[in-house]
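Each chain, written out:
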Amino acid sequence: MKKTTLIPKLVLAAALVAGAMALPSQAISSGSGCPHHGFCPDIYQPVICSNGVVYSNSCFASLACATGCVPYGLD
C-alpha cells in the first residue's frame, strides 16, 4: 500500500523541479547593449554611479551595467 502513495509524490516533485528550471532569470539592462543577467541579494548598501542613479547595492548596479559606482549615503 505504501508504494502506491509514493508515485504521486515523485511525480509532483518532478513537476516542481521542471517548473523551477523553466523560470526565466532576472535581467536588468540599461539599453546600451549590456546584457547582464542574475540575481542580487536584498542587502541595502546604496551606491551612486557615474550615470547619476542610486542603486540599492553594487550588484544591482552591475546588472544595470553602471560604471564608476561609489558608496552613497551611509555613514
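Residues numbered from 1 in each chain as written. Predicted model: local features only at pLDDT ≥ 70, side-chain atom pairs only at ≥ 80, totals over all residues. Heavy atoms only, no water.

(A) View of the sheet that holds strand S2 (residues 54-55). Spatial ordering of the open sheet is given by S2-S1-S3, a layout of 3 strands whose pairing is antiparallel. With partners counted over all chains shown, the strands left at the sheet margins are S2 and strand S3 (70-71), one partner each. Relative to S2, strand S1 (residues 47-48) is paired through 2 bridges, and the arrangement is antiparallel. Paired with Ile 48 across the two strands is Val 54, which belongs to S2. (Pairing = 2+ DSSP bridges. Helix = DSSP H or I, 4+ residues; strand = E, 2+ residues; numbered from the N terminus.)

(B) Broad picture of unusual backbone geometry. At Cys 65, a residue that is not glycine, the phi angle is positive and equals roughly 60 degrees. With respect to the helices and strands, the residue Cys 65 is situated in the loop between helix H2 (58-63) and S3. Since its relative accessible area comes to 18%, Cys 65 is described here as buried. (Buried < 20%, exposed > 50% of the residue type's maximum accessible area, 1.4 Å probe, protein only.)

(C) Highlighting the nonpolar core. Core analysis: the biggest nonpolar cluster contains 9 residues, these being Cys 40, Val 47, Cys 49, Tyr 55, Phe 60, Ala 61, Leu 63, Ala 64 and Ala 66. Of the residues forming this core, the biggest block, 3 residues, is contributed by H2. Setting aside its immediate chain neighbours within four residues, Tyr 55 contacts Pro 46, Val 47, Cys 49, Phe 60, Ala 61, Ala 64 and Ala 66. (Core = buried A, V, L, I, M, F, W, Y, C linked by side-chain atoms within 4.5 Å. Contact = heavy atoms within 4.5 Å.)

Everything listed is a geometric property; what it means functionally is a separate question.
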